[in-house]
Each structure stands twice: as structure tokens, then as C-alpha cells.
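Tertiary structure, described
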Amino acid sequence: MPTDSDRIELSDDELREIAGYAADCARTVLPIYEGGLPADTRPRDAVDAARIFAEGGPRTNRLRQSAWAAYKAAAGAESPGAADAARSASHAAAAAFLHPKASAHQVKHVLGAAAHALRARELAATEGRPGVAESLDRARRDAPAAVTAVLGRLPGAPSGGGRVGELIRELDALLRG
């Protein structure tokens with residue numbers, strides 16, 4: 001098992017696949033955020049920027065700034081679910097900046113968008129929406145090979161982090177299993 005001081009191999013293609021997965025996860029919960037603040041495009045802009053990177057675009061300061069803008073949008077969200085939807089978008093754009101370090105913290109960067117999307121769904125749960133178990137299974141099924149390959153080079157997800165941390169650990173275990 002790698003230690004925090006080890007470096008891992010991390011290709012541009014893997015970064016792009018991870019960012020694409022993160023963008024896809026975050027996109028599914030944008031309506032939760034936009035329902036309360038339809039004119040605030042910061043989360044959508046971050047998801048779009050992550051998707052552009054995933055499809056071959058450059059890793060730019062604009063991409064990094066869109067991640068920060070979505071993160072700040074969470075503070076003004078209309079509900080806790082909307083805040084997690086914005087955080088999911090922030091993690092999607094930030095996924096392009098994953099570090100090639102064998103650190104448990106990096107697991108949060110790989111799975112953060114998915115976990116915050118899961119939490120947003122959980123908080124905004126209404127009849128007819130999938131439950132957490134179904135959403136976890138979908139997040140596992142939708143994960144591209146790069147996600148599981150990179151997780152295999154990292155230590156397990158770290159402890160802590162509240163409910164989102166629990167979801168990261170659950171998804172991490174499913175993807176490694």
C-alpha cells in the first residue's frame with residue numbers, strides 16, 4: 001500500500017477521465033442548486049469548464065477560478081442540498097488539479113464531486129428520486145477505468161468529513177471492491 005510520501009503515476013488521460021466523471025456526477029445535481037438561484041451560473045460554469053478539460057481542453061487558471069467560484073456559490077445556496085450541489089461542481093472543476101501524491105487526501109479529490117452529488121440528492125430527497133444506495137451503485141457503475149486505477153494507487157479514503165466523508169469512504173470501498 002502506498003504511503004503519503006510516495007508519488008504516483010498520473011497521466012493526462014487519467015486526469016481527463018476523472019474530471020469527466022466528476023463533471024457528469026455534478027451535472028446531475030445542478031437543478032438542485034439552480035432551482036433556488038437560476039441566475040447564478042457559477043456551479044454550471046465550473047461543470048462546463050471541467051467537461052471542456054475532460055474533452056481535451058487546457059488546464060487553465062480559468063478552470064481553477066471556476067472551481068473557486070462554485071465553492072463560493074455554496075455559501076449563498078438556498079438550501080443544504082443546493083450547497084452540496086455547488087460543492088460537487090467545485091470538485092468537478094478542481095479534479096483537473098489532482099496531485100500525483102499517494103495521499104489519502106487525494107481520494108477526496110477523485111471522489112469529491114460524486115460524494116457531494118450524493119449528499120445533495122440525499123438532502124433534496126423527494127418521492128420518486130433515487131435513494132442513496134441506488135445513487136451509490138450508479139456512481140460506482142458510471143466510474144471510468146481511470147477512477148478505479150488511480151484509487152488503486154492511493155491509500156484508502158481518510159476518516160472524518162461528516163456525511164460527505166462517509167459517502168466518500170462508501171464509494172471508495174465499492175470501487176476498490
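1. A look at the overall build of the chain
- Each helix and strand counted, the chain has nine helices and zero strands in total.
- In the chain, the order of α-helices and β-strands from amino to carboxyl end is α-α-α-α-α-α-α-α-α.
- In terms of overall dimensions, the chain is globule-like: its C-alpha atoms have a radius of gyration of 15 Å, near the 16 Å expected for 177 residues.
- If one aligns the C-alpha atoms of the chain with their principal axes, the spans along those axes are about 45 × 35 × 25 Å.
- When each of the 177 residues of the chain is scored for burial, the buried share is 48%.
- Contacts spanning at least 24 positions in sequence make up 78% of the contacts within the chain whose residues lie at least 6 apart.
- Total accessible area computed for the chain in this model is approximately 8,300 Å², and 50% of it derives from carbon and sulfur atoms.
- When the 23 positive and 23 negative side-chain charges of the chain are each reduced to one mean point, those points stand 3 Å apart.

2. So, the pattern of salt bridges
- For the structure shown, the criterion picks out 15 salt bridges.
- Here R153 ties to E14 by a salt bridge, and the two come within 2.5 Å at their closest N and O atoms. A residue pair is termed long-range when its members are at least 10 positions apart, and R153 in the loop between α8 (145–151) and α9 (162–176) and E14 in helix α1 (residues 12–27) qualify at 139 residues.
- Assessed through its relative accessible area of 26%, R153 is described here as partly exposed.
- We note a salt bridge from R163 to E170, for which the minimum N-O separation is 3.4 Å.
- Counted as one network, the salt bridges with shared partners bring together R119, E122, R163, E166 and E170.

3. Some thoughts on the environment of R7
- Tracing the backbone through its elements, the reader meets R7 in the segment before α1.
- Counting along the chain gives 92 residues from R7 to H99, while the straight-line C-alpha distance between them is 8.8 Å.

4. Details of the side chain of S88
- Mapped onto the fold, S88 is located in helix α5 (residues 80–94).
- Here S88 is in contact with C25, A26, V29, A113, H116 and A117, once residues within four sequence places are set aside.

The rules we used
- Residues numbered from 1 in each chain as written.
- Predicted model: local features only at pLDDT ≥ 70, side-chain atom pairs only at ≥ 80, totals over all residues.
- Heavy atoms only, no water.
- Helix = DSSP H or I, 4+ residues; strand = E, 2+ residues; numbered from the N terminus.
- Rg over C-alpha atoms; globule rule 2.2 N^0.38 Å.
- Buried < 20%, exposed > 50% of the residue type's maximum accessible area, 1.4 Å probe, protein only.
- Contact = heavy atoms within 4.5 Å.
- Areas by Shrake-Rupley, 256 points an atom, 1.4 Å probe, with all protein chains shown as cover.
- Lys, Arg positive; Asp, Glu negative; His and termini not counted.
- Charge placed at Lys NZ, Arg CZ, Asp CG, Glu CD.
- Salt bridge = Lys/Arg side-chain N within 4 Å of Asp/Glu carboxyl O.

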